[in-house]
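Commentary on secondary and tertiary structure
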Amino acid sequence: MSVTRITVLTVPDCPNAPVARERINATLDGREAEVELVEVRDEAEAARWGMTGSPTVLVNGADPFAVPGAPASVSCRLYRDEEGPTGGAPSVEALRKALAGAEECCEDDVLDPIGRAGRGRRAPAERGLRAVHQAVLRHFVATGSAPSTSDLEAVAANAGRPAADVLAELDAEDFLALDTEGRMRAAYPFSAVETPHRVKLGNGVEAWSMCAIDALGIAAMLDQDIRVTSSDPVSGHPVTVSFASGTARWEPESAVVFIGRRPRQGPAADVCCDALNFFADRSTAETWARRHPDVPGRITSQAEAVAIATQTFGPLLAED
C-alpha cells in the first residue's frame, strides 16, 4: 500500500493551521504519512489546489470534507462535527474516518493504470523496447499521428527484432495499445484516434491525447510550451490549459480533473482513459461521479493533476 499524503492548504498566519497539524499528528499516532503545509495567497491559487477555505486538508490530493458546490476561497473555513459543533479544523475523529477511507480506497488505487501500478511508463532498454517506444512517441510529435510498422523497422533491427514483435511486447506491457489487427490505437500519452482532448505542440503540430492526465503530461515530456483544449463532459463548457515556461494557466480558473478507473484489470486505454477528464468546476465533476457509480475515483486539483502527469510522462523521452 502506498504512503498516505496529507496536504494542509492554508493562508499565511491562519490561526487554525497549527490546530489542523496538531490534530493530524494525533490522528496518525506514529503511522507513516507524508504531511505537507502549503501556503495559498489568492483565489486563483486556491482554485488550482482545490482549496475552499483555510485550512483545507487534502488526503491523497482529495478533500474528504468537501461541501458540494463550494467555491475556491481563501477565507476562514468551518468544519461541522457529526454531533453538531463547528470548528476551524477537522476533529480527530473526522480525520480518522477520512484516513480510513483513503486507506480502503488505495487497495485498488485509481492511479495504478496511469502509472502501470508503480512500474512507470518508461519502457525498459532491453530487446529494443525503449528505442522503438521512443521512436513511436517522436513520430507522434513530428506528425500528430501514429507510425506504421514499416516506419519502425530500422529502429527495431538494431535490436535484431522485427518491429511487429517489439510492438506486440510493448502492447502486452501497456506501453502502447494495438487493435485486433495490430494497428496502433494509442501510445500514451498520444491517441491515434479522436478523443475529447486536443493538444497543440510547440512545433505547431496538433495531436489527440488519451485523457486529461496524458494531455497535461506532454508539456513535461517534451519540455516545451503546449496548449490543451478539451471540454467538460457534463456542461460542454470548454476547458483549456496553456503551458508557458513550465507554468500552467487554466481556463476557467475553477477547472478540476476527475481521476477514475473501472474496477477490472486491463490496459489503461480500456480501464481508465475515458474516466480521466477535465471539468469546468468541482460541481460538474461531482455530477459526473454521481451519474457513473460504476467508476470509482476522485476529484483532483489542478496542481496535483499536473504533478501526476509530470511524474508519469516526464521521463519518457529522456536520454539513457
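Before going into details, it helps to say that this report is about the structure given with it. All of these numbers come straight from a predicted model, not from anything done at the bench. Along every chain, residues carry numbers that run from 1 in the direction the sequence is written. Selection of residues for local features in this predicted model requires a pLDDT of at least 70, selection of side-chain atom pairs for listing and counting requires 80 or more, and totals for whole chains, interfaces and linings are taken over all residues. The side-chain numbers reported here are obtained from all heavy atoms of the structure, hydrogens and water having been left aside.

On to the overall build of the protein chain, then. Here a helix means four or more residues in a row that DSSP labels H or I, a strand means two or more in a row labelled E, and each is numbered from the N terminus. The secondary structure content of the protein chain amounts to 10 helices and 18 strands. Radius of gyration: over C-alpha atoms. The globule rule applied is 2.2 Å multiplied by the number of residues raised to the 0.38 power. Taking 20 Å as the expected radius of gyration for a compact globule of 320 residues, we find that the protein chain reaches 21 Å, a close match to that expectation. Principal-axis analysis of the C-alpha atoms gives the protein chain an extent of 70 × 40 × 35 Å. Exposure classes here rest on a 1.4 Å probe applied to the protein chains alone. A residue is buried below 20% of its type maximum, exposed above 50%, and partly exposed in between. When each of the 320 residues of the protein chain is scored for burial, the buried share is 48%. Any two residues having at least one pair of non-hydrogen atoms within 4.5 Å are treated as being in contact. Once local pairs closer than 6 in sequence are excluded, the contacts in the protein chain between residues at least 24 apart make up 62%. Only the protein chains shown count as cover for residues, and all accessible areas are computed by the Shrake-Rupley method using a 1.4 Å probe. For the protein chain, the accessible area works out to roughly 14600 Å², and carbon and sulfur atoms hold 49% of it. Counting rule for charge: Lys and Arg are taken as positive, Asp and Glu as negative, and neither His nor the chain ends is counted. Just so you know, the charge point we use is NZ for Lys, CZ for Arg, CG for Asp and CD for Glu. Of the charged side chains in the protein chain, 31 are positive and 47 negative, and the gap between their average positions amounts to 1 Å.

Below, the discussion takes up the side chain of Thr10. Its location among the elements puts Thr10 in strand E1 (residues 4-10). One polar contact links Thr10 to Ser54, side chain to side chain, over a distance of 3.3 Å. Sequence-distant contacts of Thr10, defined by excluding residues within four places in its chain, comprise Ala17, Leu37, Val38, Glu39, Val40, Met51 and Ser54. By the criterion applied in these results, polar contacts are pairs of N or O atoms within 3.5 Å in which, for protein atoms, one can donate a hydrogen and the other can accept it, and in which residues neighboring in sequence qualify only through two side-chain atoms.

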